Amino acid sequence: MTEKNVVQTVHDTLWDEMQADDRVLILGEDVGARGGVFRATAGFLEEFGEMRVLDTPLAESSIVGCAIGMAMHGLLPVAEIQFADFIHPAFDQLVSEAARIRYRTAGDWECPIVVRAPYGGGVHGALYHSQSIEVFYGHVPGLKVVVPSTPYDVKGMLRAAIRDPDPVLFLEHKKTYRLIKGDVPDEPYEVPIGPADVKREGDDLTCIAYGLMLHHCLEAAQRLQEEAGASVEVVDVRTIAPLDKETILGSVGKTGKAMVVSEDNRTYGAAAEISATISEELMFDLDAPVVRIGGPDIPAMPFAGPLEHYYMPDVDRIHERMRQLAEF
Amino acid sequence: MATEVDRQSDTRARDLGLSDQDLLDMYRTMVMARLCDEAQFRLNRQGKAPFVVPVSGHEGCQIGTAWPFQKGKDVFVPYYRDMGICLVAGMTPLDVFLAVFGKRDDPSSGGRQMPAHWSSRQLGIVTGSSPIATQIPHAAGIAYAIKYRGEDAVVGSWFGDGATSEGDWHEGLNFAGIHRLPVVWYCENNRYAISVPLSKQMAVKDVAMRAEGYGFEGVVVEGNDVLGCYEASKNAIDKAREGGGPTLIELKTYRFHPHTSDDDDRSYRSREEVEEAKRNDSLIVFANYLRQQGLLDDDAIESTRVEIKAEVDAEVEVAWKAEDPSPESALDHVFADVTPSRADGSSGGDTNVKADAIGTTGGEATPADSPEEAPGEEGSDR
Ligand SMILES: Cc1ncc(C[n+]2csc(CCOP(=O)(O)OP(=O)(O)O)c2C)c(N)n1
Ligand SMILES: [Mg+2]
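Residues numbered from 1 in each chain as written. Chains lettered and ligands numbered in written order. Predicted model: local features only at pLDDT ≥ 70, side-chain atom pairs only at ≥ 80, totals over all residues. Heavy atoms only, no water.

### A short note on the overall build of chain B
- Helix and strand content of chain B: 12 helices and 7 strands.
- Counting across all 382 residues of chain B, residues that qualify as buried make up 55%. (Helix = DSSP H or I, 4+ residues; strand = E, 2+ residues; numbered from the N terminus. Buried < 20%, exposed > 50% of the residue type's maximum accessible area, 1.4 Å probe, protein only.)

Following this line, the structure appears as structure tokens:
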């Protein structure tokens, strides 16, 4: 067991997987000599060489597109999109290609790629270095979209993603990179893609979140417990698609109250899908309307401190809504 | 019939290492592509095939360029126009028509994709989609994997002139150039992307010129000259196999039919232009060559046609009567495994293909027997 932050865990897990299987290779912008702008692949070029650690041209569509070709010819590429905000040129490759290769060939071909992308705000990244992109892809059957938020889950799910026979979009909240630390077992293990995880048990209400918001929710839940004795269950979605409805519904069925927190802007967001699922399935078990927290519907997160802060749900805001819901 | 003396004077085929049998096989494959095309258009007009993509006019450059590839080792990345490529790679008319009718056993997609979206892992034909040029980075990635694994294979990637305007085309060729990958790029330049002429597609005279921007060689070849296509292709494949990197081969060709069965080409090109191109049909040019070589005469040309037509017609019949996919099989093959939310059966994984789905006919969609009963689909350019 070693205490690590999120980005160190990404680094070490990729390292282990590269060492374990020479079909695994890494491609992306600045992943080589620079070791990645977040240092997720620091030292890889020296250890694994140019053939396995590719500094690609600055062209996102072909980062994903070439990875697809590699995957169709026996390799296990892990592509890095430097910032999730720049993944859009590869939308077609992910949605029209990666997601459909198995389906459109009735299972003859498969496309085992992993695309890693740092996403999320709170780092003064402004409109183009802060975005949440998970629902664009979560809407696409054939793609798996995962958002692990603790070092333990990052290690287990990255290993699972690399071993998954289908395309996985692996999202890492960049603010958690150095902020969130935790104990990570030294030996290899997998955390399966799919199941959500109850990160804190409770009886009074269920709070559902992922990414940085998960950590805010855990903090808000602890504060509410100390202040008011309210017992909040916190469910970590972990896999955006395909969504583990069972765990979510199981928890909300038990507590009778739900709030869903996501840092993306609200409309048509992941929280909308989760709330709709709860409303459809548990209408008569609910003691209060489902609460949805997200960013405002503005095009993207602005730069200046006050503007960014206005956009991002924070512990105070989440705590306040949590208190209201507990009292409802 | 040509005399032995005439044959001696033309050693081109022999210099290329092509036997008489090779030449006749190439010719037969060209005729097969042409006759499959005629049949699929007939079926379309009869209302039996909702949508078909013609190949006619491209046979020479397709069969010529695909022929030197090594089946079972090399990788084909065709686009929708490439029936000829796929016939060389090992598809049969039956395979073609199973897809035309959207049948369960269509090897490309089991009736999921439109016809002409070729695929067969066994034959080394890589699945393609409809968005133009998305397959170009795939071809580069496959070539990278070949090099990475130290294999001796080469990738062939075919596309139209319009495809060369897409960003993915540039990105794929650039990547292949940087890594000197074992891939040969073939542009079947038929001077139109649906209706848009070359002059509005690019400001350069030849697509091949663009190769310079990627650091490899560009070659222009007359697409109706089968042996010329073969030669350029063989040289490029040999070079790629030996580690010499990619080549861009531009094949000047022409399509005889509208873009697809939904298109009407009278709005954008003159009948004279089409007739002129047909006079230069690669089938005629190659048949004349084989005549000169003493390998074919008029009777043999006619009997080849009759024989292949009978084969195509018979396979059309078999394909027509083949099983449809069962409706609920639409849920299969989303993922390899069944994930939690899918445990309710909302979408099956590959390990979960229901045994009873095989061999059942679902929808009973009785196809139209006559043009009158054909679904009156309003054509849109697809
Ligand atoms: C990205 C994209 N845009 C538009 C279309 C519609 N479309 C299908 S084929 C075609 C023309 C392609 O022309 P070219 O590459 O020259 O090939 P050709 O059909 O002439 O063989 C167009 C515009 C498409 N399929 N994909
Ligand atoms: Mg064209």
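### Let's talk about the side chain of B:Asp265
Residue and element names in this part refer to chain B.
- Tracing the backbone through its elements, the reader meets Asp 265 in the loop between strand E7 (247-252) and helix H10 (271-279).
- By relative accessible area, Asp 265 is classed as buried at 4%.
- Of note is the side chain of Asp 265, whose polar atom sits 2.9 Å from the side chain of Arg 269.
- Every residue in contact with Asp 265, bar those within four places of it in the chain, is listed here: His 257, Pro 258, Arg 271 and Val 274. (Polar contact = N/O pair within 3.5 Å; in protein donor to acceptor, adjacent residues only side chain to side chain. Contact = heavy atoms within 4.5 Å.)

### Description of the pattern of salt bridges
- Considering all chains together, one arrives at 45 salt bridges over all chains under this definition.
- B:Arg34 serves as the salt-bridge partner of B:Asp281, at 2.8 Å between the closest nitrogen and oxygen. Of this pair, B:Asp281 sits in the loop between H10 and helix H11 (282-292) while B:Arg34 is found in helix H3 (residues 20-45), placing the two residues 247 residues apart along the sequence. Side by side, B:Asp281 and B:Arg34 carry an identical accessibility label, which is buried.
- One salt-bridge network, held together by shared partners, links A:Asp153, A:Asp197, A:Lys199, A:Asp236 and A:Arg238. (Salt bridge = Lys/Arg side-chain N within 4 Å of Asp/Glu carboxyl O.)

### Let's talk about the site of ligand 1
All names here are of chain B.
- By nearness alone, 16 residues border ligand 1, and Tyr 79, Tyr 80, Arg 81, Gly 162 and Tyr 192 come closest of all.
- With respect to ligand 1, the side chain of Tyr 79 contributes an N or O atom lying 2.7 Å from an oxygen atom.
- Ile 132 places a polar main-chain atom, nitrogen or oxygen, 3.1 Å from a nitrogen atom of ligand 1.
- Considered on its own, ligand 1 offers 580 Å² of accessible surface; in the complex 75% of this is hidden by protein.
- Here the residues of the shell around ligand 1 sort into 8 nonpolar, 5 polar and 3 charged. (Near = heavy atom within 4 Å. Areas by Shrake-Rupley, 256 points an atom, 1.4 Å probe, with all protein chains shown as cover. Nonpolar A, V, L, I, M, F, W, Y, C, P; charged D, E, K, R; others polar.)

### What to know about helix H9 (residues 212-228) of chain A
- If you check H9(A), its first and last C-alpha atoms are 24 Å apart, about what 17 residues at 1.5 Å a residue would give, namely 24 Å.
- Taken as a whole, H9(A) has its buried residues at A:Leu212, A:Met213, A:Leu214, A:His215, A:His216, A:Cys217, A:Ala220, A:Ala221 and A:Leu224. (Expected span 1.5 Å × (residues − 1).)

### Some thoughts on the environment of A:Ala228
Residues and elements named next belong to chain A.
- With respect to the secondary-structure elements, Ala 228 resides in helix H9.
- With a relative accessible area of 54%, Ala 228 lands in the exposed category.
- Taking the C-alpha atoms as reference points, Ala 228 and Arg 323, 95 residues apart in sequence, are found 8.4 Å from one another.

### A look at the sheet that holds strand E5 (residues 114-119) of chain A
All names here are of chain A.
- As summarised here, the arrangement of the 7 strands in space is E3-E2-E4-E5-E7-E6-E12, forming an open sheet in which the pairing is mixed. Pairing within the sheet leaves two strands with one partner each, and these edge strands are strand E3 (53-55) and strand E12 (239-241). Taking the axes of each pair of neighbouring strands and ignoring which way they run, one obtains an average angle of 20 degrees across the sheet.
- Note that E5 and strand E7 (residues 168-173) share 6 bridges and pair parallel. The residue bridging Val 115 from the neighbouring strand is Leu 169, located in E7. (Pairing = 2+ DSSP bridges. Axes fitted to C-alpha atoms, helices over the stretch in contact; angles between N-to-C directions.)

### Describing the pairing of E7(A)
Residues and elements named next belong to chain A.
- Extensive coverage of E7 is indicated by the burial of 6 of its 6 residues.
- Here E7 shows no split at all, with Val 168, Phe 170 and Glu 172 on one side and Leu 169, Leu 171 and His 173 on the other all buried.
- Taken together, the 3 bridges between strand E6 (residues 144-146) and E7 define a ladder with parallel strand orientation. Note on E7: the bridge partner recorded for Lys 144 is Val 168.

### Observations concerning the coordination of the magnesium ion (ligand 2)
Residue and element names in this part refer to chain B.
- All of the protein donors around the magnesium ion (ligand 2) are Asp 161 (OD), Asn 190 (OD1) and Tyr 192 (O); their distances to the metal are 2.0 to 2.2 Å.
- Mapped onto the sequence, the residues coordinating the magnesium ion (ligand 2) show the spacing D-x28-N-x1-Y. Taken together, the residues span a long stretch of sequence, with Asp 161 in the loop between strand E2 (155-160) and helix H8 (167-178) and Asn 190 in the loop between strand E3 (183-189) and strand E4 (192-193) at a distance of 29 residues.
- Looking at Asp 161, the relative accessible area reads 1%, which means it is buried. (Donors = N, O, S within 2.8 Å, 3.2 Å for Na, K, Ca; no water.)

Taken by themselves, the reported measurements are silent on function.
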